Amino acid sequence: MAPRRPLQPLDLTLRHGRWYQRTRVAFLTFSVALTFVLPLWHLHSLDVAGAGFAQDSAWFRLGRAFPDQPPPFVGAPTSISVFGLELVDPLLAGGVALVHGVSWKWVWTVLPGVVLVLLLGRFFCGWACPYLPILAASNVARWFLTGLGFKLLDVPVPRAAARVALVGVLIVTALTGAQVLPLVYPPALIGREVFHAVFYGSLGLGALVVLGAFLFDTFVSRAGFCRSLCPGGAMFSVMSGLSPLRVVREKSKCTDCTVCDVVCNLGQKPMTDKLDTGCERCGKCIASCPTKALSFRVAKPALFRAPEEKP
Amino acid sequence: MKRRTLIGALAAAIAFAAVPKRARANPKKIRPPGALPPGKFEQACIGCYRCAEVCPTKCIEFPSTFSLDQATPFIDTASRACVLCMKCTQACPTDALTRLAADADVVFQSVKMGVPKLTRSKCLPWNGTGVCRLCYLVCPYPDKAVELVGPQKAPLFHESACVGCGLCEEACPELAQAIVIEPLGSA
């Protein structure tokens, strides 16, 4: 008899907490769509304006939804302008603060992101990161290859590696005085590479970093890049220490089935209450629990918890 | 946790102490209008490409090679020049491009993207092989940045009055390529 195939994330169904999952997936789809559709839309509107279409033609109106105004959406999730509201990723803004300094505009652009991360923890990774479709593809590849009988590596890279990567990138930034983060931080890279492809018809070499992350996640360690190499994830994890939102388990309902541990991309272990600041608030453990033992609760932030309470 | 905090704080302090005044990566490139001076610009730009996304002539480009400035925009004036609409300066989230109004006087006062360099031996009116005047015709500040002198109506460029948009370089005939906008060096 062939040995049983180990349980994979795609084997699991999401049973409940559907509204949360639907909201998250809708938000994520919107965010990823922005990354891919906005360059196309803006290229189209520039072409329409350049080709001199009549101003009352359908093509012209499609290209410019709001004539005589700046486009309502410009950019990608790491740095976006939404109806005049400017949002910049706290990590990229941190790089600017390190070598260039801060201004009031800097404060206003970074503030919404910081407040959201302090409240919701590392939610960007589960709700908006444009790398997530690539991570999903990597999970599908792992699921498929495991089904074919390949034994894939799943190296447990220590989580602290991400903090080392974060501090390392910041030190290199400080030493060179140039912005290094946009060269290695996948969400920023993916946006720029998609834009590069749409506008100039070519990819920059930064695409190799994204490809490398995909191969690492597929063949070396499941979601290993997000978990223990991404500087953004590390920074959100650190800030997440102040977040009061937490996955809590009701011991009496739990049947120790390990489903929640398997479904988690980031190596959290809700079944044994081993959750740290790396939780991305995707809610998949809650949705996959057969006995509804898990739920989001407002709890004391990880930073203020006494050491013995910590997993 | 305490030791970790200490190490983190130490690393941050060292990093802050080591920050150079200007970026070490300081390639000579023509930057979009309103850009901070070379060296400062590379420190402030996060490579979010919003400037290029709103540029009507699509003249703002990004390098596709591995380098420290891979994420910073530049303009290749020979292939496509800037029309000084100032939309990129209004899109920049980090003020690497200083916000400017699309006003002829404001642009004349505040924009300095490069320096015009004319090779007279290649220029048709100067070497006596033609009556061209294309640079003068496309210049947004004719008679200030470029004036026509002598019986041949040859162009004479004034560096101090030129914003460096590169329209003259784009217009200059392929066979001549007499006028080139040179990037600003670090001060």
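Given the structure is predicted, the values throughout are model-derived calculations rather than measurements.

A short note on the packing of helix 7 (residues 160–176) of chain A against helix 12 (residues 231–239) of chain A
For any two helices packed against each other, one specifies the crossing angle of their axes together with the interaxial distance.
All names here are of chain A.
Move 1: Orientation of helix 7 relative to helix 12, taken along the N-to-C sense of each, is 105 degrees, at an axis distance of 8 Å. As judged from the angle between their axes, helix 7 and helix 12 are roughly perpendicular. Counted together, A162, R163, A165, L166 and V169 of helix 7 and P231, G233, A234 and M235 of helix 12 form the full contact between these two elements.
Move 2: Along the lines of polarity and charge, the residues of the contact of helix 7 with helix 12 split into seven nonpolar, one polar and one charged.

Comments concerning the sheet that holds strand 2 (residues 79–82) of chain A
Residues and elements named next belong to chain A.
Move 1: The antiparallel open sheet is built from three strands, whose spatial order is 1-2-3. Edge positions in the sheet fall to strand 1 (73–76) and strand 3 (85–88), since each has one partner strand and no second. Adjacent strand axes in the sheet meet at a mean angle of 15 degrees, parallel and antiparallel pairs treated alike.
Move 2: As paired elements, strand 1 and strand 2 share four bridges and run antiparallel to each other. Within strand 2, the position partnered with F73 by the bridge is V82.

With respect to the confidence of the model for chain A
Move 1: Confidence in the prediction of chain A, expressed as mean pLDDT, is 86, and 91% of residues score 70 or more.
Move 2: Per-element confidence in chain A ranges from a low mean pLDDT of 62 for helix 2 (residues 58–63) of chain A to a high of 94 for helix 10 (residues 207–220) of chain A.

Points about the pairing of strand 5 (residues 154–157) of chain B
Residues and elements named next belong to chain B.
Move 1: Judged from the four bridges that link them, strand 4 (residues 146–149) and strand 5 form a sheet pairing that is antiparallel. Across the sheet, the residue bridging to L148 is P155, located in strand 5.
Move 2: Here strand 4 hands over to strand 5 after four residues, with G150 in that stretch at a positive phi of 75 degrees.

The rules behind each value
For every chain, the first residue of the written sequence is number 1, and numbering continues from 1 along that sequence. Whichever chain is written first is A, and whichever ligand is written first is 1; the rest continue in order. Only residues with pLDDT of 70 or above have their local features reported here, since the model is predicted, and side-chain atom pairs are shown and tallied only from 80 upward, although totals for entire chains, interfaces and linings are computed over all residues. Only the stretch in contact is used when a helix axis is fitted, and all axes are lines through C-alpha atoms; the angle between N-to-C directions ranges over 0 to 180 degrees. Under the DSSP-based scheme used, a helix requires at least four consecutive residues in state H or I and a strand at least two consecutive residues in state E, with every element numbered from the N terminus. When an angle is under 35 degrees it counts as roughly parallel; over 145 it counts as roughly antiparallel; between 65 and 115 it counts as roughly perpendicular; any other value is oblique. Each residue is represented by a C-beta atom placed from its backbone, and any two residues with such atoms within 7 Å are regarded as in contact. We call Asp, Glu, Lys and Arg charged. Ala, Val, Leu, Ile, Met, Phe, Trp, Tyr, Cys and Pro are nonpolar, and the rest, Gly among them, are polar. Strand pairing follows a simple DSSP-based rule, namely that at least 2 bridges must link the two strands. pLDDT gives the predictor's per-residue confidence on a scale running from 0 to 100.

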